[in-house]
Amino acid sequence: MTLATVTKRSVKSPPRPARRGRPPTGQGAWFLVLPALLPILVLSVGPLLYGIALAFTDSQSGRTAPTRWIGTLNFRDLVHDTLFWDSFRIGLLWAVGVTVPQFLLALGLALLLNQDLKLRWPARALAIIPWAMPEVVVGIMWRLVYNPDAGILNETIRDLGLGDGRDWLSGLSTALPAVIVVGVWAGMPQTTVALLAGLQNTPRELHEAAAMDGAGAWRRFLSVTWPALRPVALAITALNLIWNFNSFALVYVLTSGGPGGRTRLPMLFAYEEAFRYGQFGYAAAMGCVLVAVISVLLAVFLAGRLKGGEDA
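Residues numbered from 1 in each chain as written. Predicted model: local features only at pLDDT ≥ 70, side-chain atom pairs only at ≥ 80, totals over all residues. Heavy atoms only, no water.

## Focus: a nonpolar patch on the surface
Working step 1: Together, Leu34, Leu38, Ile40, Leu41, Val42, Leu43, Val45, Leu48, Leu49, Ile52 and Val291 make up an exposed nonpolar region whose accessible area comes to about 940 Å².
Working step 2: In terms of residues, the nonpolar patch owes the most to one element, helix H2 (residues 27-54), which gives 10 residues.
Working step 3: Looking at the element boundaries, Val291 is found in helix H14 (residues 280-311). (Patch = residues over 30% accessible without salt bridge, like charges linked within 9 Å, V, L, I, M, F, W, Y side chains within 5 Å. Areas by Shrake-Rupley, 256 points an atom, 1.4 Å probe, with all protein chains shown as cover. Salt bridge = Lys/Arg side-chain N within 4 Å of Asp/Glu carboxyl O. Helix = DSSP H or I, 4+ residues; strand = E, 2+ residues; numbered from the N terminus.)

## Here we look at the packing of aromatic side chains
How two aromatic rings sit relative to each other is given by the distance of their centres and the angle of their planes.
Working step 1: The tally for this structure, following the rule as stated, stands at 17 aromatic pairs.
Working step 2: For the ring pair Phe56 and Trp69, a centre distance of 5.5 Å and an interplane angle of 15 degrees mean the geometry is stacked. Taken together, the residues span a long stretch of sequence, with Phe56 in the loop between H2 and helix H3 (73-79) and Trp69 in the loop between H2 and H3 at a distance of 13 residues.
Working step 3: We classify Trp69 as exposed; its relative accessible area is 60%. (Phe/Tyr/Trp six-rings, centres within 6.5 Å; stacked < 30°, edge-to-face > 60°. Buried < 20%, exposed > 50% of the residue type's maximum accessible area, 1.4 Å probe, protein only.)

## Some words on the side chain of Glu273
Working step 1: By secondary structure assignment, the location of Glu273 is in helix H13 (residues 266-275).
Working step 2: Here Glu273 is buried and forms no salt bridge, its nearest opposite-charge partner Arg264 lying at an N-O distance of 7.7 Å.
Working step 3: With residues near it in sequence (within four places) discarded, Glu273 still touches Gly278, Gln279, Tyr282, Ala283 and Met286. (Lys, Arg positive; Asp, Glu negative; His and termini not counted. Contact = heavy atoms within 4.5 Å.)

## A closer look at the nonpolar core
Working step 1: Trp94, Val182 and Leu254 are the most contacted members of the largest nonpolar core, which totals 19 residues.
Working step 2: Residue assignment for this core shows that the elements contributing at least two residues are helix H4 (82-113), helix H7 (135-145), helix H9 (175-200) and helix H12 (249-254).
Working step 3: Considering every element that reaches this core, the biggest residue donor is H9, with 7 residues.
Working step 4: Val182 has contacts with Val138, Trp142, Tyr146, Leu250 and Leu254, leaving out every residue within four places of it along the chain.
Working step 5: Listed in part, the 14 residues of the second largest apolar core include Phe103, Ala127, Met188 and Ala233. (Core = buried A, V, L, I, M, F, W, Y, C linked by side-chain atoms within 4.5 Å.)

## Notes on the packing of H4 against H9
Working step 1: H9 packs onto H4 with a crossing angle of 45 degrees between their chain directions and a minimal axis gap of 6 Å. Relative to H9, the element H4 is oriented oblique. Seen from above, H4 lies across H9 with right-handed handedness.
Working step 2: Classifying every residue of the contact of H4 with H9 by side-chain character gives 21 nonpolar, 6 polar and no charged. (Axes fitted to C-alpha atoms, helices over the stretch in contact; angles between N-to-C directions. Parallel < 35°, antiparallel > 145°, perpendicular 65-115°, else oblique. Left-handed = near helix turned anticlockwise from the far one by under 90°. Nonpolar A, V, L, I, M, F, W, Y, C, P; charged D, E, K, R; others polar.)

## Regarding H9
Working step 1: Under the 1.5 Å per step criterion, the end-to-end length of H9 is 38 Å for 26 residues, consistent within 8% with the ideal 38 Å.
Working step 2: Most pronounced at Met188, the bend in H9 amounts to some 40 degrees, and the proline Pro189 follows within four residues.
Working step 3: Extensive coverage of H9 is indicated by the burial of 19 of its 26 residues. (Expected span 1.5 Å × (residues − 1). Bend = angle between axes of the 7 residues up to and from the residue.)

## What to know about the packing of helix H10 (residues 204-212) against helix H11 (residues 217-245)
Working step 1: Their axes nearest at 10 Å, the elements H10 and H11 cross at an angle of 150 degrees. Relative to H11, H10 is oriented roughly antiparallel. Crossing of H10 against H11: the hand is right-handed. In this structure, H10 uses Leu206, His207, Ala210 and Ala211 to contact H11, whose residues at the interface are Arg220, Val224 and Thr225.
Working step 2: Looking at the contact of H10 with H11 residue by residue, the classes come out as 4 nonpolar, 2 polar and 1 charged.

Nothing here speaks to function; it is geometry throughout.
The following block contains the structure:
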């Protein structure tokens, strides 16, 4: 027996690594996804498909005749419904009028809360209080603020000698601006939290380097803060625009769509057609149009994000 043979037999081969379990495929993967997928199918996809099917029928409340399939008749009537398109225009004014000031005020508040100030943590907690309040409670509270007789707003105006106040929620020229103010106040905290998280992810070394190069506060914001904050800002602005366009509870509690339909958002109009006038098929057609509009907005936003990611 040669030395090479003895050496080869005496050296033990390293142990084989234990085989790791392979990720589940086929039926196993569907079994794991099912608990999360089932509520979505039951609570979201199912009602959506039912609403789309309902839009092509003459479904009404209180009728004894069976529901008939009428094709696109509801959509053809909707094209010529000036009240619906007026509500659509009001919805766009509301969505933009709430989203833009909401973002600007939230950005200023996030920049302030990001500074090393005393009592910063209590200030952050107070800033998100409106977010923790239900929309119905917010609406009732602001109705008291806008009360024409004993509301704090009119009382302040009278104490300052600026007039006798006015009925803010019943005036044709003041109802929509008054409701927009409430929408900005109620939705600003969530935008502030998102922007503040983006600011805290910006490395401080970049600000320090820019300050050493002689850049002022505005220049540092444009060259350091905003490029890092832009993805968060675009995402939260797109989501706010969609959420605000879909608003219902807050405006319903404040004005119920009045006065004279000046605050009748598309969701309020569809709600009235369905549950006040019993036109379920026609209201479902309105819902389909709104879903289509929101889908287009989402597609444009996602396309912009993907294009921005490819350019980066």
